[in-house]
Amino acid sequence: MLDSTKPVRIGIEGVSYSLTHVPDLVRFGSKPLRELRAQPALGAELAKRLRDFAAATAYAPHQVYIGNIAPEKLRDLPRPWYEKLIEGATAQGRFGDLVDQAKFYALLAGADQFNLVSFEEKWFQAQAAAHSIGRAPRFKPLSEIQNLCDKGALPLHSADQLVGAFESAHEEDASLAAEVLLENLAGKVSAAHSLRLVLDSLNLNPDDIDFVISCSEEAVGDRYNRGGGNLAKAIAEDAGCGNAAGCDVKAFCAGPMYAMVHGASLIQSGVARKVAVVAGGSLAKLGMKFESHLKNNMPVLEDVLGSFAVILSSAMPNQPCMRLDSAAFHPVRAGAAPQAMAEYLAEKPLARLGMKLTDVDRYAVELHNPEITVPSGSGDVPRTNYLTLAALAVMRGLIEKNEMTDFVRTRGMLGYAPTQGHIPSAIVYLGHALDALRSGTIRNVLFIAKGSLFLGRMTQLSDGCSFLLDRNEL
Amino acid sequence: MNFENQGVIKRLADQYGPENLTVVLGNGEANGVEVFAETVTEGDPSYAGPLAGVALKIPVYHVLEEEVMSQVPESLREEKLQLSSLVIEIETMHQVLEASREKI
Amino acid sequence: MFKGKKIIAIGERDGVPGPVIAECLEGAGYEVVFQATECFV
């Protein structure tokens, strides 16, 4: 056990976030795929409500996500954000970027080692070739692409135009169906893109990374092992990290937080020197709430894959760091009540550091964009999570009941992450947290993520993971 | 309400008779509660789930409504529900659910 | 009221989860025939 009186810090060198805008893949999200099969007429309605890249780029929450707007500023921006677009918004962010669909198709082609995806050559050369990296793309005449789609391959469109096909790898193995492989490959390439971005931004040699941990939301495997995994290794390869080994960490939405703790532990123990924690986007979650967006005359807002990559290494002086000695989990016997979760993930680990709930300058919780969730009746998720922490502070006599709103406003923020599952779960705030810690605006941030394990039908339990960030004031 | 849970409720209504059942919710916000209530009273308002067009008329409560809270032993209430009662604004939900119950 | 009725508990992860509703209603003397927790995100 760690000596509870000595801080244990792991350095966070940097983070990059990407939003890959894939409007023509929304139809392959889990909910749209099912609904469009049941009611094909919905497809035309859905198509009418898809945003173009410019609109996705100028969407305020996306600009916050890539680092161009501080989360605190979101409160002051006029709403609805999908109407009041940000003038002069760029796809390049201070710690991330937006990737357009044509580039994504190029990345898919370049990362495809099993001849799964093919494109129509003329379209590809005109629109995507400039972004080609990795393997040479497979070209097929349009008639053959159409033929493949008629036989079950997934059609890849660029607006109305059919430009490619994504095939299955096996006629009978459900784990190698086209939908599954597209989901997995999309996760791989979006994560690899974020990893390349962060290495570039930090002027790091890819060879310096000796371990990659992926915490994406997918199941890579075959019928004998549906979740075999280690997408991390594939991501490391794609990003050119030749000296890296890797493995996956899976814990539903709390995956990234656990991955950070594991990565930090590898460094603390000396097993690794420079660790990349990465996650690709979730294709399955595209268009999850599209029906409510259509019903409310909104654009389909779940049209982006969210990915990130963090580089961890030994703590340097004055650097924002993860306090590994603050890592906290939610044990089996704790039970699902919000009070128990807040105690195990916030109150107890803080107490071990000699801190109270009110000694935390900022909390990063489930940061789902409320503009996406409210129209479907799912509520404002960050707000509920912040109020839970505030309520515990009231019960402990640290603040008055009438100070709860203030607690939420000063220590919390509006949600801005796309509903990509693992991405909103605290980790999305890391970029801004590093900024705020470097500038001295805040002294610390407590990151708290939750995982809905019950969704997998193996346990009724919820789950969670948390840790504190502060500066290495040495 | 997700389709799987709608299906289970339908099955339980067949098994026990809807007049012998009560649904108790734990929603964090009023946003969405009305749809939940309508789903098990009048039927799935989206007409998409197993309870589409099926009017079970099962009364719906929220666990934090006074009618439910007053029946929960004090120690359990304090340990499991007190914090939620500070977080969740029950008044709007109570009005929505009471109106739903009166319609049955 | 609902005395004597059997309970179906549908909770929400960030609100009051299913197992918590079930525990409270069982403590009140009810039979809980089904409990689930919905996660909207």
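Residues numbered from 1 in each chain as written. Chains lettered and ligands numbered in written order. Predicted model: local features only at pLDDT ≥ 70, side-chain atom pairs only at ≥ 80, totals over all residues.

Chemist: Before we move on, can you summarise the overall build of chain B with the specific residues and values?
Modeler: When helices and strands are counted, chain B shows 5 helices and 2 strands. The N-to-C order of helical and strand elements in chain B reads α-β-α-β-α-α-α. Over its C-alpha atoms chain B spans a radius of gyration of 14 Å, differing by no more than 12% from the 13 Å that the globule rule assigns to 104 residues. C-alpha atoms of chain B, sized along the principal axes, occupy 40 × 25 × 25 Å. Classification of the 104 residues of chain B by burial places 46% in the buried group. If you take every contact in chain B between residues at least 6 apart in sequence, the share linking residues at least 24 apart comes to 63%. (Helix = DSSP H or I, 4+ residues; strand = E, 2+ residues; numbered from the N terminus. Rg over C-alpha atoms; globule rule 2.2 N^0.38 Å. Buried ≥ 20, exposed ≤ 12 C-beta atoms within 10 Å, placed from the backbone. Contact = placed C-beta atoms within 7 Å.)

Chemist: Tell me about the overall build of chain A, and name the residues and values.
Modeler: When helices and strands are counted, chain A shows 17 helices and 14 strands. Since a compact globule built from 474 residues should have a radius of gyration of about 23 Å, the 22 Å found for chain A is in line with a globular shape. The 474 residues of chain A split such that 58% are buried. Sequence separation of 24 or more characterises 72% of the internal contacts of chain A that already satisfy a separation of 6 or more.

Chemist: Tell me about the interface of chain B and chain C, and please be specific about residues and values.
Modeler: In this complex, chain B contributes 27 residues to the contact, which on the side of chain C involves 26 residues. Residue classes in the side of chain B that touches chain C are distributed as 16 nonpolar, 9 polar and 2 charged. The pairing of strand S1 (residues 21–25) of chain B with strand S1 (residues 6–12) of chain C spans 5 bridges and is classified as parallel. Along S1 of chain C, the bridge assignment pairs valine 23 of chain B with isoleucine 8 of chain C. (Nonpolar A, V, L, I, M, F, W, Y, C, P; charged D, E, K, R; others polar. Pairing = 2+ DSSP bridges.)

Chemist: Describe the domain arrangement of chain A, naming the residues involved and giving the relevant values.
Modeler: Residues and elements named next belong to chain A. On domain assignment, one finds that chain A holds domain 1 (10–117 + 170–314), domain 2 (118–167) and domain 3 (320–471). With 51 residues of domain 1 at the contact, the number on the domain 3 side is 39 residues. Top contributing element to the side of domain 1 that touches domain 3 by residue count: helix H11 (residues 255–268), with 9 residues. Residues belonging to the side of domain 1 that touches domain 3 are distributed by class as follows: 33 nonpolar, 12 polar and 6 charged. (Domains from an automatic or database assignment.)

Chemist: How would you summarise the environment of alanine 60 of chain A if you had to cite specific residues and measurements?
Modeler: Residue and element names in this part refer to chain A. Summarising the element assignment, alanine 60 is placed in helix H4 (residues 60–65). On the basis of neighbour counts, which here come to 25 C-beta atoms within 10 Å, the residue alanine 60 falls in the buried class. Residues alanine 60 and leucine 77, 17 residues apart in the sequence, show an inter-C-alpha distance of 8.0 Å. Contacts of alanine 60, omitting those with residues within four sequence positions, involve Ile69, Leu74, Leu77, Trp81 and Ile86.

Chemist: Outline the interface of chain A and chain B, listing residues and values.
Modeler: At the interface, 16 residues of chain A touch 11 residues of chain B. The set of elements that each furnish at least two residues to the side of chain A that touches chain B consists of helix H13 (338–352) and helix H15 (381–395) of chain A. The dominant element in the side of chain A that touches chain B, judged by the number of residues it contributes, is H15 of chain A, at 7 residues. Here the side of chain A that touches chain B is built from residues that sort into 8 nonpolar, 6 polar and 2 charged.

Chemist: Break down the sheet that holds S1 of chain B for me, citing the residues and quoting the values.
Modeler: Taken in spatial order, the 4 strands make up an open sheet running S2(B)-S1(B)-S1(C)-S2(C), and their pairing is parallel. On the outer flanks of this sheet lie strand S2 (60–62) of chain B together with strand S2 (32–38) of chain C, each paired with one strand and no other. The sheet shows a mean angle of 20° between the axes of neighbouring strands, direction not considered. In this structure, S1 of chain C lies alongside S2 of chain C, joined through 6 bridges in parallel fashion. For glutamate 12 of chain C, the partnering residue across the bridge sits in S2 of chain C and is glutamate 38 of chain C. (Axes fitted to C-alpha atoms, helices over the stretch in contact; angles between N-to-C directions.)

Chemist: How would you summarise the pairing of strand S7 (residues 211–214) of chain A if you had to cite specific residues and measurements?
Modeler: Residues and elements named next belong to chain A. Neither face of S7 is open: one carries Phe211 and Ile213, the other Val212 and Ser214, and all of them are buried. Direction of pairing for S7 relative to strand S9 (residues 275–279): parallel, over a ladder of 4 bridges. Counted as the bridge partner of isoleucine 213 is valine 277 from S9. Bridge count for S7 against strand S8 (residues 245–248) is 4 bridges, and the pairing is parallel. If you follow valine 212 over to S8, its bridge partner there is glycine 246.

Chemist: Go over the sheet that holds strand S5 (residues 154–158) of chain A with me, naming the residues and quoting the values.
Modeler: Residue and element names in this part refer to chain A. Read from one edge to the other, the open sheet built from 3 strands follows the order S4-S6-S5, with strand pairing classed as antiparallel. Edge positions in the sheet fall to strand S4 (117–119) and S5, since each has one partner strand and no second. Ignoring which end each strand starts from, the neighbouring axes of this sheet average 30° apart. Both S4 and strand S6 (residues 161–166) contribute to a ladder of 3 bridges, which runs antiparallel.

Chemist: Explain H11 of chain A to me, and be specific about the residues and the numbers.
Modeler: Residues and elements named next belong to chain A. End to end, H11 covers 20 Å across 14 residues, agreeing with the expected 20 Å (1.5 Å per residue, within 8%). Listed in full, the buried residues belonging to H11 are Gly255, Pro256, Met257, Tyr258, Ala259, Met260, Val261, Gly263, Ala264 and Ile267. With its phi angle positive at about 85°, glycine 270 sits one or two positions after the end of H11. (Expected span 1.5 Å × (residues − 1).)

Chemist: Account for the nonpolar core, with residues named and values stated.
Modeler: Residues and elements named next belong to chain A. Core analysis: the largest hydrophobic core is formed by 196 residues, its most contacted members being Val212, Ile235 and Val310. At 13 residues, the largest contribution of residues to this core is made by helix H9 (residues 178–201). Filtering out sequence-adjacent residues up to four positions away, valine 310 remains in contact with Ile12, Val15, Met260, Ala276, Val277 and Leu430. (Core = buried A, V, L, I, M, F, W, Y, C linked by C-beta atoms within 7 Å.)

Chemist: Run through unusual backbone geometry, naming residues and quoting values.
Modeler: All names here are of chain A. Of note, the amide linkage connecting arginine 79 to proline 80 takes the cis form, showing an omega dihedral of 5°. Not every positive phi belongs to a glycine, and asparagine 297 is a case in point at roughly 55°. Note that asparagine 297 resides in the loop between helix H12 (290–295) and strand S10 (304–314). By C-beta crowding, asparagine 297 is classed as exposed, having 8 other C-beta atoms within 10 Å.

Chemist: Any details on the environment of histidine 62 of chain A? Residues and values, ideally.
Modeler: Residue and element names in this part refer to chain A. Secondary-structure assignment places histidine 62 in helix H4. In sequence terms histidine 62 and serine 18 are 44 residues apart; their C-alpha atoms lie 9.5 Å from each other. The residues touching histidine 62, leaving out its near neighbours within four places in the chain, are Leu19, Ala56, Thr57 and Leu98.

Chemist: Break down the environment of alanine 56 of chain A for me, with residues and values.
Modeler: Residue and element names in this part refer to chain A. Note on placement: alanine 56 falls in helix H3 (residues 53–57). Exposure remark for alanine 56: the 26 C-beta atoms within 10 Å place this residue in the buried category. If sequence neighbours within four positions are ignored, alanine 56 has contacts with His21, Arg51, His62, Leu98, Asp303 and Val304.

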